[in-house]
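A look at the structure
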Amino acid sequence: MGCASSNEAKEAKGNGVSKPAGDNGEAAPDPAAPKQNPYLSLTPKDVFSLKMSWKGVRRCLEETGTSIFKLLFDAHPEYLTHYEKLKDIPKDRLYSSTPFLDYVNGVMETMDIHVTELDDAEKTHQNIKRHGKDFKKIDIADTIFKVFFVIFYNFCKLILIYFVYSRI
C-alpha cells in the first residue's frame, strides 16, 4: 500500500530485475546465485570450467584410467602390492585383465561422480570423505596418491589439449 515512490524505495534494483530489500535497506542476496564451495577453494566459475574441461576426459574414461594406471605401475611396480586383486596377475596380462579394468573403471567413475556433482558441495565433501576412509582401510600410501595425481593431471592436460586442437 502507500504511494508508488515509497514502494520503489523498498526495492533494490539490479540487472533490470527488482529484488526485495533486506532489513538494512540493501538488496537481498539472490537465492539462485551459486555459492562458493566451502570445502574447496573453487569459485562457481572454477567449478563450471572444471566441469566443462572434464567433458573431454569423460569421453574416454576407461582409456584414460588404463593409461594412467599403466604409467603408475610401470613407474612404480611396488605399488601393485597394495592391490590384492592385482598383485598376482602377470604384468603381460595385467592391463587387459578383468580385475584391472574393473578397478580402473571404478576409480574413473568415482572421479566422474565427484566432478559432475561439484555443484553440491556437501554431497561431494561427504563422498570424498567416504572414499578416503575406504582407501585408508586398505592401507594405500599417501605417496601413491601424490604420484597418481601428477600422472593424472598431466595426462588429462594432454587429453584436453588434444580435444582443443582437434576442433581447429
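Along each chain, the written sequence defines residue order, and numbers are assigned to residues from 1. Reporting of local features is limited, given that this is a predicted model, to residues whose pLDDT is at least 70; pairs of side-chain atoms are given and counted only at 80 or more, and all residues count toward the totals for whole chains, interfaces and linings. With hydrogens and water excluded, all non-hydrogen atoms of the structure serve as input to the side-chain values.

1. Examining helix α5 (residues 98-116)
- Going along the chain from the N terminus, every DSSP run of H or I of four or more residues is numbered as a helix, and every run of E of two or more is numbered as a strand. In a helix, the anticipated span is given by 1.5 Å times the number of residues less one. For α5, spanning 19 residues, the distance from its first C-alpha to its last is 26 Å, which sits close to the expected 27 Å at 1.5 Å a residue.
- For α5, the complete set of buried residues consists of Phe 100, Val 104, Asn 105, Val 107, Met 108, Met 111, Asp 112, His 114 and Val 115. Partly exposed residues are those whose accessible area sits between 20% and 50% of the maximum for their type, while under 20% is buried and over 50% is exposed, using a 1.4 Å probe and protein chains only.

2. What to know about the packing of aromatic side chains
- By convention, a stacked pair of Phe, Tyr or Trp rings (six-membered ring in the case of Trp) has centres within 6.5 Å and planes under 30 degrees apart, an edge-to-face pair has planes over 60 apart, and any other such pair is tilted. For the structure on display, the rule yields six aromatic pairs.
- Arranged with centres 5.8 Å apart and planes meeting at 40°, the rings of Phe 69 and Phe 73 form a pair that is tilted. On the criterion of helical spacing, the pair formed by Phe 69 and Phe 73 is a turn pair, its members being four residues apart in helix α3 (residues 61-75).
- On the accessibility criterion, Phe 69 (2% relative accessible area) is buried.
- Residue classification places Phe 73 among the buried residues on the basis of a relative accessible area of 0%.
- Plain terms: the ring middles of Phe 69 and Phe 100 are 6.5 Å apart, the flat faces sit at 90° to each other, and that makes the pair edge-to-face. Here Phe 100 lies in helix α5 and Phe 69 lies in helix α3, a separation of 31 residues in the sequence.
- The exposure class of Phe 100 is buried, given its relative accessible area of 0%.
- Through successive ring pairs, a cluster of aromatic residues spans Phe 69, Phe 73, Tyr 83, Tyr 95, Phe 100 and Tyr 103.

3. Some details on the confidence of the model for the protein chain
- With 65% of its residues at a pLDDT of at least 70, the protein chain reaches an overall mean of 74.
- The pLDDT score gives, residue by residue, the confidence of the prediction method on a 0 to 100 scale. Contacts are assigned to residue pairs that have any heavy atoms within 4.5 Å of one another. pLDDT under 50 marks residues 5-19. Its contacts with residues more than four places away, or in other chains, come to 15 contacts.

4. A short note on the environment of Phe 155
- Positionally, Phe 155 belongs in helix α7 (residues 142-166).
- Each C-alpha atom, one on Phe 155 and one on Ser 67, is 8.3 Å from the other, the two residues being 88 residues apart in sequence.
- What Phe 155 contacts, discounting residues up to four positions off in sequence, is Thr 64, Ser 67, Ile 68 and Leu 71.

5. With respect to the packing of helix α2 (residues 44-58) against α5
- Taken N-terminus to C-terminus, the directions of α2 and α5 make an angle of 155°; their axes are 10 Å apart at the nearest point. When the axes of α2 and α5 are compared, the pair comes out roughly antiparallel. The chirality of how α2 crosses α5 is left-handed. In this structure, α2 uses Leu 50, Lys 51, Trp 54, Val 57 and Arg 58 to contact α5, whose residues at the interface are Met 108, Met 111, Asp 112, Val 115 and Thr 116.
- Looking at the contact of α2 with α5 residue by residue, the classes come out as six nonpolar, one polar and three charged. Inter-axis angles, ranging from 0 to 180 degrees, are taken between N-to-C directions of lines fitted to C-alpha atoms, where helices are fitted over the stretch in contact. The scheme is simple: roughly parallel for angles under 35 degrees, roughly antiparallel for over 145, roughly perpendicular for 65 to 115, oblique for anything else. The sense of a crossing depends on the near helix, which, turned anticlockwise from the far helix by less than a right angle, makes the crossing left-handed and, turned clockwise, makes it right-handed. Any residue that is not Ala, Val, Leu, Ile, Met, Phe, Trp, Tyr, Cys, Pro, Asp, Glu, Lys or Arg is counted as polar, Gly included; the first ten are nonpolar and the last four charged.

6. Notes on the nonpolar core
- Take the buried residues of types Ala, Val, Leu, Ile, Met, Phe, Trp, Tyr and Cys, join any two whose side-chain atoms come within 4.5 Å, and each joined set is a nonpolar core. One finds Phe 69 and Phe 73 to be the most contacted residues of the largest nonpolar core, which totals 26 residues.
- Among the secondary structure elements, those contributing two or more residues to this core are α2, α3, α5 and α7.
- For Phe 73, the residues in contact, after removing those within four places along its chain, are Tyr 79, Leu 80, Tyr 83, Leu 86, Lys 91, Leu 94, Tyr 95 and Phe 100.

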